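One letter stands for each residue in the lines below.
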Amino acid sequence: MYEAVAVVKTRILNENEQGFRYYQFFEYDSKEEFRQCVEFVRENQLFDSGSMLEYGDKILILSTCEYSQENGRLLVVARVV
């Protein structure tokens with residue numbers, strides 16, 4: 001069973017842009033990688049669900065197109081409960 005943690009509005013970054021690339025984030029190997037994911041979610045979430053990711057969570061990120069910006073994406077971020 002999954003719990004939705006956040007809905008995030010973002011976009012695919014250009015090759016030379018700095019930033020978190022959720023589409024290359026499959027699993028985290030360190031607390032630093034996990035922290036980067038959590039920071040990205042917090043900075044870009046559309047509303048506060050009252051729930052947040054915790055280190056050790058198994059994460060699922062669903063992505064679909066979002067047309068308010070070039071290469072826009074809308075994400076649903078969830079964790080296993």
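Look up a bit, the structure's there.
Structure report, in brief. Model, not experiment: these values are computed from the prediction.

**Side note on the pattern of salt bridges**
Turning to step 1, where the next piece is worked out: Applying the stated criterion to the full structure yields six salt bridges.
Turning to step 2, where the next piece is worked out: Measuring nitrogen to oxygen at the nearest pair gives 2.9 Å for the salt bridge that ties Glu3 to Arg79. Of this pair, Glu3 sits in strand S1 (residues 2-11) while Arg79 sits in strand S3 (residues 72-80); the two residues are 76 residues apart in sequence, bridging distant segments of the chain.
Turning to step 3, where the next piece is worked out: Accessibility expressed as a relative area gives 13% for Arg79, which makes it buried.

**Topic: the environment of Asp57**
Turning to step 1, where the next piece is worked out: Relative to the elements of secondary structure, Asp57 occurs in the loop between helix H1 (31-44) and strand S2 (59-65).
Turning to step 2, where the next piece is worked out: Since its relative accessible area comes to 14%, Asp57 is described here as buried.
Turning to step 3, where the next piece is worked out: Taking the C-alpha atoms as reference points, Asp57 and Phe20, 37 residues apart in sequence, are found 18 Å from one another.
Turning to step 4, where the next piece is worked out: There is a polar contact of 2.7 Å between the side chain of Asp57 and the backbone nitrogen of Glu54.

**Observations regarding the nonpolar core**
Turning to step 1, where the next piece is worked out: In this structure, Val8, Phe40, Val41 and Leu53 are the most contacted members of the largest nonpolar core, which totals 16 residues.
Turning to step 2, where the next piece is worked out: Going through the elements one at a time, S1, H1 and S3 are the ones with two or more residues in this core.
Turning to step 3, where the next piece is worked out: It is H1 that contributes the most residues to this core, five residues altogether.
Turning to step 4, where the next piece is worked out: In this structure Phe40 touches Val8, Thr10, Phe20, Tyr22 and Leu75, once residues within four positions along its chain are discounted.

**So, the pairing of S2**
Turning to step 1, where the next piece is worked out: Inspection of the sheet shows S2 paired to S3 by seven bridges, in the antiparallel sense. Each residue of the ladder has a partner; that of Leu60, found in S3, is Ala78.
Turning to step 2, where the next piece is worked out: Remark: six residues form the turn of the hairpin made by S2 and S3, two consecutive strands paired antiparallel; Asn71 in that turn has positive phi of roughly 60 degrees.

Cut-off values and rules
Just so you know, the residues in each chain are numbered from 1, in the order the chain's sequence is written. In view of the model being predicted, local features appear only for residues whose pLDDT reaches at least 70, and side-chain atom pairs are presented and counted only at 80 or more, with totals across whole chains, interfaces and linings using the full set of residues. Side-chain figures throughout are based on the complete set of non-hydrogen atoms in the structure, without hydrogens or water. Salt bridge, as used here: a side-chain nitrogen of Lys or Arg that lies within 4 Å of a carboxyl oxygen of Asp or Glu. A helix here means a DSSP run of H or I that spans at least four residues, while a strand means a run of E at least two residues long, and both kinds are numbered starting from the N terminus. The classification of residues rests on relative accessible area computed with a 1.4 Å probe and restricted to protein chains. Under 20% of the type maximum is buried, over 50% is exposed, and intermediate values are partly exposed. Throughout this description, a polar contact denotes any pair of N or O atoms lying within 3.5 Å of each other; where both atoms belong to protein, one of them has to be capable of donating a hydrogen while the other can accept it, and for residues adjacent in sequence the pair is counted only when both atoms sit in side chains. Among the buried residues, those of types Ala, Val, Leu, Ile, Met, Phe, Trp, Tyr and Cys that are joined through side-chain atoms within 4.5 Å form a nonpolar core. Every residue pair with non-hydrogen atoms within 4.5 Å of one another is taken to be in contact. When DSSP finds two or more bridges between a pair of strands, those strands are recorded as paired.

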